[in-house]
Amino acid sequence: TSTVAYSNSSSATQAISAAPTYGNILISGTGAKTLGGGSISVGGNWTNNSGGAISIAGSTVTLNGSSAQTINGSTTTTFNNLSVSNTSGGVAIATNINVDGNLTVNTPTVFTPAAGVIIGGTGTLSGNGTVQGTRTAATADFSSQYTISNKTLTNLTVDYAAAGQVRFAADAVC
């Protein structure tokens, strides 16, 4: 799988090309990057090691690989819309992410954050795939790991894969 690196360190904003299908995406450098209003598909990993601002407002990132994928890096990514549609390997989340639009986890994807990772933002978690709770740090429960504002769990499978009791927020629609 190929890797496309966006590594702008200048004061000019670097545009992330919309519409193509990417293998892996590596975002680094201290300069600003923007994906404005488009959609991209990523068949590999998303790595954000950027020290600069990343704007993906109005955009949709789709993780649609056919083997295991990872969202990782040293910097939290705030997605507008994130659609997770991996066909066989699942998606591991190794760093905090925020979603301010829709976080949609589709069948047959298994969405697995690491134990210390927080899935936050002002958006809505929904879909018909599987989301795992793995939180063992702080409070060991689903609600402290998935702090995203809205949770529509009606068609999602929630698999609690850590020790301790699972608790859901009062605002979770189950």
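Check the entry above for the structure.
Residues numbered from 1 in each chain as written. Predicted model: local features only at pLDDT ≥ 70, side-chain atom pairs only at ≥ 80, totals over all residues. Heavy atoms only, no water.

Asker: Got a minute to help me understand the overall build of the protein chain in this structure?
Answerer: Of the regular secondary structure elements, the protein chain holds 1 helix and 21 strands. Relative to its full complement of 174 residues, the protein chain shows a buried share of 45%. Partitioning the contacts of the protein chain with sequence separation of at least 6, the portion at a separation of at least 24 is 26%. Carbon and sulfur atoms make up 48% of the accessible area of the protein chain, which totals about 7,100 Å². (Helix = DSSP H or I, 4+ residues; strand = E, 2+ residues; numbered from the N terminus. Buried < 20%, exposed > 50% of the residue type's maximum accessible area, 1.4 Å probe, protein only. Contact = heavy atoms within 4.5 Å. Areas by Shrake-Rupley, 256 points an atom, 1.4 Å probe, with all protein chains shown as cover.)

Asker: Is there a simple way to think about the sheet that holds strand β8 (residues 54–55) in this case?
Answerer: Strand pairs in the sheet, formed through backbone hydrogen bonds, run parallel or antiparallel to each other. Taken in spatial order, the 3 strands line up as β2-β5-β8 in an open sheet, and their pairing is parallel. Here the strands that pair on one side only, and so sit at the sheet edges, are β2 (14–15) and β8. (Pairing = 2+ DSSP bridges.)

Asker: I would appreciate a short explanation of the sheet that holds strand β10 (residues 69–72) in the present structure.
Answerer: Reading across the sheet, the 8 strands line up as β1-β4-β7-β10-β13-β16-β19-β21 and stay open at both edges, with parallel pairing between neighbours. On the outer flanks of this sheet lie β1 (3–6) and β21 (157–160), each paired with one strand and no other. The average angle at which neighbouring strand axes cross in this sheet is 15°, direction not considered. Here β10 runs beside strand β13 (residues 91–93); their pairing, made up of 3 bridges, is parallel. When the bridges of β13 are listed, I71 appears paired with I93. (Axes fitted to C-alpha atoms, helices over the stretch in contact; angles between N-to-C directions.)

Asker: Before we go on, may I ask you to explain the packing of aromatic side chains in this structure?
Answerer: Each aromatic ring pair is specified by the distance between its two centres and by the angle formed by the two planes. Taken as a whole and assessed by the stated rule, the structure comprises 3 aromatic pairs. The interplanar angle of 15° and the centroid separation of 4.5 Å between the aromatic rings of F142 and Y146 together place this pair among those described as stacked. What makes F142 buried here is its relative accessible area of 0%. (Phe/Tyr/Trp six-rings, centres within 6.5 Å; stacked < 30°, edge-to-face > 60°.)

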